[in-house]
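Understanding the architecture of this molecule
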Amino acid sequence: MRDGIPAFHDRRQSVKPYEIQSPQPQAQQISLLIENDCCIIIFGNTNQRLRIPLNHRVHLKSVLLSLFQANLLSVQTVSSVLGITEGHCRELSTKLANDGVTEVLIDKRKGQTQDFLVDLSVKAELIQHFAARAVTGHSISSQALTELIYDAQKRAISPRTIRWHMKKLGLMKIKKSLPDLVEALKKTPNPDY
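Residues numbered from 1 in each chain as written. Predicted model: local features only at pLDDT ≥ 70, side-chain atom pairs only at ≥ 80, totals over all residues. Heavy atoms only, no water.

The next subject is the environment of His59. Inspection of the secondary structure puts His59 in helix α1 (residues 57–69). Residue class for His59 comes out partly exposed when judged on its relative accessible area of 39%. As for His59 and Val101, which are separated by 42 residues in sequence, their C-alpha atoms are 9.3 Å apart. (Helix = DSSP H or I, 4+ residues; strand = E, 2+ residues; numbered from the N terminus. Buried < 20%, exposed > 50% of the residue type's maximum accessible area, 1.4 Å probe, protein only.)

Here it is in structure tokens:
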């Protein structure tokens, strides 16, 4: 039971005509369990467990992809836990082996760094019309401002984009206080500045 097939051969000879092969260790079985927003990795029958929260994406990906590289987990298991396709799982595993965690698994996207559609002249037009309409009590809806900007700049910009820039510029926070501020400034007799 301990030595395998070589136990059946005569061991009294000093020169062995064959090469003794040691029994192959059984592959350690690893299983995964998703429980309470955690991925639990169970190592064989030893009841040793590794618990990784599902929201720790980089940690989870690096451990699961490393276990996949070592042929301890199947590509189907890893891809289903990570929520990616099997092809993408293989690709990430290869890149991880070649480039490391920081190059492959950490998201380096920065998004758009400058506004292409709404440049400074459009923003200035938006602020000007917003302020004038807010002070005079006219509608400051994105649809009305879109039409005014189109008339002034001859650029078709969607109302949704106008709303986004109004929020980004903080104009929505001053829409009620701006008329009061203008009235207060009108009542001030002689401003020093």
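The discussion continues.
The next thing to look at is the confidence of the model for the protein chain. Where the model shows low pLDDT, its predicted coordinates should not be examined in detail. Of the residues in the protein chain, 87% have a pLDDT of 70 or more, and the chain-wide mean is 84. Across residues 15–25 the pLDDT falls below 50, and counting only partners more than four positions away or on other chains, this stretch makes 7 contacts in the model. (pLDDT = per-residue confidence, 0-100. Contact = heavy atoms within 4.5 Å.)

Moving on, we come to the nonpolar core. Nonpolar side chains tend toward joint burial in soluble globular proteins. By size, the foremost hydrophobic cluster in this structure holds 20 residues, and its most contacted members are Ile41, Leu60, Leu64, Leu65 and Val78. Those elements that place two or more of their residues in this core are β2 (38–43), α1, α2 (75–82) and α3 (86–99). Leaving out residues up to four positions away in the same chain, Leu65 has contacts with Val78, Leu82, Cys89, Leu92, Ser93, Leu96 and Leu105. Core analysis: the next-biggest nonpolar cluster, separate from the first, contains 13 residues, Val118, Val122, Phe130 and Ala134 among them. (Core = buried A, V, L, I, M, F, W, Y, C linked by side-chain atoms within 4.5 Å.)

Right, let's talk about the pairing of strand β3 (residues 48–53) for a bit. Judged from the 6 bridges that link them, β2 and β3 form a sheet pairing that is antiparallel. Across the sheet, Ile42 pairs through a bridge with Arg49, a residue of β3. Where β2 folds back onto β3 in an antiparallel hairpin, the turn is made up of 4 residues, including Gly44, whose phi is positive at roughly 55°. (Pairing = 2+ DSSP bridges.)

Even without a glycine there, the phi angle at Asn36 is positive, about 50°. Here Asn36 shows up in the loop between β1 (30–35) and β2. Even without a glycine there, the phi angle at Lys154 is positive, about 60°. Position of Lys154 among the secondary structure elements: in the loop between α6 (142–153) and α7 (159–168).

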